[in-house]
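# Per-entry structural report
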Amino acid sequence: QVQLVESGGGLVQVGGSLRLSCAASERTLSTYTMGWFRQAPGKEREFVAAIRPGGVLTYYADSVKGRFTISRDNAKNTVYLQMNSLKPEDTAVYFCAVRAYSGSLYSASGYDYWGQGTQVTVSS
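Residues numbered from 1 in each chain as written. Predicted model: local features only at pLDDT ≥ 70, side-chain atom pairs only at ≥ 80, totals over all residues. Heavy atoms only, no water.

## Examining the nonpolar core
- Of all hydrophobic cores here, the largest spans 35 residues; its most connected members are Trp 36, Leu 81, Met 83 and Tyr 94.
- Mapped onto this core, the elements with two or more residues apiece are strand S3 (18–24), strand S4 (33–39), strand S5 (46–51), strand S6 (58–60), strand S7 (68–73), strand S8 (78–83), strand S9 (92–99) and strand S11 (118–123).
- Setting aside anything within four residues of it in sequence, one finds Leu 81 in contact with Leu 18, Arg 19, Leu 20, Trp 36, Val 48, Ala 49, Phe 68, Thr 69, Ile 70 and Tyr 94. (Core = buried A, V, L, I, M, F, W, Y, C linked by side-chain atoms within 4.5 Å. Buried < 20%, exposed > 50% of the residue type's maximum accessible area, 1.4 Å probe, protein only. Helix = DSSP H or I, 4+ residues; strand = E, 2+ residues; numbered from the N terminus. Contact = heavy atoms within 4.5 Å.)

Shown next, in the form of structure tokens:
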């Protein structure tokens, strides 16, 4: 079983920054596309960002382009999400996920393993 643990969430003011980390138990993480999703109360889980195994190709939701950056360090089995210029609408639980079976990059249903989530709250 692949285990993922997110960290780095917290309470931040509008315009502030946070860096989320996702540490994986699996040494073969470098072969998988990784994604970040978020879910606000009463909302469906939505795509935030994804990164291909080589770390070059990245994908972002329109709502976070130019503000968020996804990256990975395969040697450390870790994926990051740098979040800048945070807005109240970014408030959500953020989840790290592994895409192992060629599902959609942009849909939660395309990912196979999930972390427990970390809360991000942006105050206005």
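That shown, we press on.
## Describing the side chain of Arg 99
- Positionally, Arg 99 belongs in strand S9.
- Asp 112 provides the closest opposite charge to the buried, unpaired Arg 99, separated from it by 7.1 Å.
- Engagement of the side chain of Arg 99 in a polar contact is seen with the backbone oxygen of Gly 103, the distance being 2.3 Å.
- Excluding residues that lie within four positions of it along the chain, Arg 99 makes contacts with Tyr 32, Thr 33, Arg 52, Ser 104, Leu 105, Gly 110, Tyr 111 and Asp 112. (Lys, Arg positive; Asp, Glu negative; His and termini not counted. Salt bridge = Lys/Arg side-chain N within 4 Å of Asp/Glu carboxyl O. Polar contact = N/O pair within 3.5 Å; in protein donor to acceptor, adjacent residues only side chain to side chain.)

## A closer look at the environment of Arg 67
- Locating Arg 67 in the fold gives a position in the loop between S6 and S7.
- For Arg 67, a relative accessible area of 11% puts it in the buried group.
- Put simply, Arg 67 and Ser 85 are 18 residues apart on the chain and 6.1 Å apart in space, counted from C-alpha to C-alpha.
- If we ignore the near neighbours within four places in the chain, the residues touching Arg 67 are Gln 82, Met 83, Asn 84, Ser 85, Leu 86, Lys 87 and Asp 90.
- Side-chain polar atoms of Arg 67 contact the backbone oxygen of Ser 63, separated by 2.9 Å.
- A polar atom in the side chain of Arg 67 sits 2.8 Å from the side chain of Asp 90.

## Describing the packing of aromatic side chains
- Tallying each qualifying case throughout the model produces seven aromatic pairs.
- Aromatic rings pair up to connect Phe 37, Phe 47, Tyr 59, Phe 95, Tyr 106, Tyr 111 and Trp 114 into one cluster.
- Here the guanidinium or amino end of Arg 19 rests over the ring plane of Tyr 80, the centre of that ring lying 4.0 Å away.
- Here the guanidinium or amino end of Arg 45 rests over the ring plane of Trp 114, the centre of that ring lying 4.8 Å away. (Phe/Tyr/Trp six-rings, centres within 6.5 Å; stacked < 30°, edge-to-face > 60°. Lys NZ or Arg CZ within 6 Å of the ring centre and 35° of its normal.)

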